[in-house]
Structure formats: C-alpha cells, structure tokens
Amino acid sequence: MNKKTGIIIGVCTVAAVAVIAALSVFFYKENKSGSSDKAVTNTDEGDNLADGQIFDYEKAGYISLGKYKGLSVDVEPEVDDIYGAMMDDATENEVSSKDAIKSGDVVNIDFTGKKDGKKIDGTSAEDTYVWVGKGEYIDDFENGIIGMKKGEKKTVDCTFPSDYDEEDLAGQTVQFTITVNDVVNDTIVKKVSDNKCKNVQEYYDKVKQEQKEDNINNKGELVWDSFKETCEAKSVPENMLAQSKTDVNLMYTNFAEMSGMTLDELLESFGMDEDGVSEIAEDSVIDVMIAKSIMAKENLTMDDTALIYKRHSSPHRQCKNKNTTYKNKLWTALGYEDGDDEKSLSDLEKEYKESQGSHPKNDMMIEVAKDYIGDQAKVSDGETTNE
C-alpha cells in the first residue's frame, strides 16, 4: 500500500566484525555480477607497498578517479532511521509501557492484507513503522491500531477510499491482520529522556537533530559509494588482491566461529559463495587504491597520534570529524566507545590484524579519504518529513 494516501504496497571486536560482515554482504548483494572483468596486474609498481605507504594509483594507470571535491551530500536522516533509533533507545534503557496505543504514538508492526481469505499482492509488510494519527495510512488502518498493545495481534476491516491511487483497491474492504512489535509513547519518551522531552514529537525532533549532526560529521561516509561509481578501476595489483582475499576470509571465518557456524554455512546464510568473497576482496583493494591516490594528490599524511591528516607544506589541517587520529580510528573500527578501558596503539593494531585484516593503516586510510571528501562536500537541502 502507498504511504501518504494509504498503506504501503509492498567487546568490541565482535561488534566490529559483525558490522563489517553486514556491510560486505550488502555490497555483494547490490553488485553481484559474476566474475570480475578487471585485469589483475603482476607488477612491483603499486604492489608490495608497506602498510600505510602512500601511492598515486591513478598516475600509475591503475584507476581513474572521479570528481571528489565539492560533491553534494544530503545529511537529512531517513525517517525510519529516526523511528528505529527511538525504539532502540527504549530497548537499551529497558523502558517499556503497557499503555494502549493512542494517536501520537510510534509503532513498529507487521501486517498482512486479505480479501475473501486470499492474500492480496502488495498489502503485506514486516518491520514497518507507523506514527499513528499522522495520516500516512488510510484511516481505518490507523484507527485499527489504536487501542492495541505491544505484542498484540488483531484483524481489522479497512475500506479504501473510492479515489485511492491503486484502482484494484479503491473502494474495496480488506481484512488486515496487524501485529504490534514495539511502541514508543509519551510515557516512554519521558523516561528515556529524563523528562527533557515531554512527548513523542519532541523526542523525534531531538533524535533527528542528533542523527543530522552525526551525518554532518560523517559526510564522506555518506557520499563515498556514489563517488566510487564515478571512478574506474582498470587493473588490480595481484599481491594486494591475494592478501585482501586472505583478510576477507579471515574476517568471515572469525564471524562464523562467533556465530557457531562453519564458513560455508555463514556464506550460505548470506546468499554468498566464494565468488562473492572474491568480489568483496577486490572492492576492498579498489577502496585502498582510491584512498591512497587522493592522499598522494592532496599531500596528506597519516600520523599515529597526531591529527589524522596534514599537508606536507602547511600546518596540520583540523578535520571536522573529531575522530582525527589513526589510533582513534582503529579504536572505533574495533567497536570501542568512550568509557572503555584504554588500549595502546600496538594492542589495537594486533587486535585488528587478528580479527579484520593484515593492513590496518591501509584500511584507516580509506577513512582518511572519506573524511577529506566529506570536508570538501557541500550539504544539499534534502529535508525529512513527518514534522
């Protein structure tokens, strides 16, 4: 069903490995296209470099970079991300409510639509957010949610408007079975926010602003994938690719062990095979080549504990992202947070190599390049609705 006019149609190493694995699987599913058509170059130039050594792969003919300065980036959070964060906050703080759902509450639901006992295409969904009373869904559907409680399942009759966009549903009465998975209401909001927010709208606005600020601090991450689409990888260094395959296999093997699975079982659960692992490994090499090329062109260097990048011929250039050192970036990549026990740089590198990859500086150089691109990016005027 359609939003607007109606219903929708249609530690810490563990955490780091899980996140990277999830992102890698996303890449694979989005880019699955069989074996690579890129040449594998067997040459010393650009291959066998020390971890963190800068090299201009574009100048050497391996890649062509797209424009990476002045890119446009939308920092407005996605509505569902805001809803999800609100519910995650309640879960993490072990705050819940037994109150019946009322207009103004945000709910997460599953629903299935049937007519005469038969499912109707496009009228079922899972893990869907509804801000009850906002009019995003047809009246009968939202009214049917009112009065339900978390964990409850109910079937309601919903009649679509005669002028509904989908002609097959216009004027029709459909039975929707709705299951409420989670709820955020004013009571929960007050507890989670220590009474700083009095209602769901205030808390929504607060979470939205926090996510927007986070997006502003991570503009490079937001724009990286679209930037990469403008780059062309002409060849991939043989040794770098071989090492990357080893690293990716290590990452997935560790993840499989923590999940109580074999590597093959894990890959199958993600809809992947060995070819998928090879594609992810190649993509990782391309990321490194792009990052090192940008650093070479912009005369950027990476220090262990000083600002993450500086120009050779000028004083340190402060990065807008406060996570500005190589050590801090490793700390974050491994899933550590403020308040966790301090670790030395050598301990962090050792942990990274044991769990995620043999070249931590190369991997953090990708983050450096993202920071640089983000600093050069221009914020667009995208706007999140549901205000």
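Further up the page is the structure itself.
Quick notes on the rules
Residues numbered from 1 in each chain as written. Predicted model: local features only at pLDDT ≥ 70, side-chain atom pairs only at ≥ 80, totals over all residues. Heavy atoms only, no water. Patch = residues over 30% accessible without salt bridge, like charges linked within 9 Å, V, L, I, M, F, W, Y side chains within 5 Å. Areas by Shrake-Rupley, 256 points an atom, 1.4 Å probe, with all protein chains shown as cover. Salt bridge = Lys/Arg side-chain N within 4 Å of Asp/Glu carboxyl O. Lys, Arg positive; Asp, Glu negative; His and termini not counted. Charge placed at Lys NZ, Arg CZ, Asp CG, Glu CD. Helix = DSSP H or I, 4+ residues; strand = E, 2+ residues; numbered from the N terminus. Buried < 20%, exposed > 50% of the residue type's maximum accessible area, 1.4 Å probe, protein only. Core = buried A, V, L, I, M, F, W, Y, C linked by side-chain atoms within 4.5 Å.

(A) Here's a closer look at a negative patch on the surface. A cluster of acidic residues, Asp 74, Glu 78, Asp 80, Asp 81, Glu 126 and Asp 127, forms a negative patch at the surface. Relative to the elements of secondary structure, Glu 126 occurs in strand β5 (residues 118–131). Judged by relative accessible area, which is 68%, Glu 126 ranks as exposed.

(B) Expanded view of unusual backbone geometry. Although it is not a glycine, Asp 194 sits at a positive phi angle of roughly 55°. Within the fold, Asp 194 resides in the loop between α4 (186–192) and α5 (200–217). A relative accessible area of 61% places Asp 194 in the exposed class. Residue Asn 299 is not a glycine yet carries a positive backbone phi of 55°. Looking at the secondary structure, you find Asn 299 in the loop between α9 (274–297) and β10 (300–301).

(C) Geometry of the nonpolar core. Counting 56 residues, the largest nonpolar core has Phe 227, Tyr 252, Ile 290 and Ile 294 as its most contacted members. Of all the secondary-structure elements, those providing two or more residues to this core are α6 (219–228), α7 (238–258), α8 (263–269), α9, α10 (326–333), α11 (345–355) and α12 (360–376). Looking at this core, the element that brings in the most residues is α9, giving 11 residues. In terms of nonpolar packing, the next biggest core, distinct from the first, is built from 23 residues, Val 132, Phe 141, Val 156 and Leu 169 among them.

So yeah, pure geometry; function would need other evidence.
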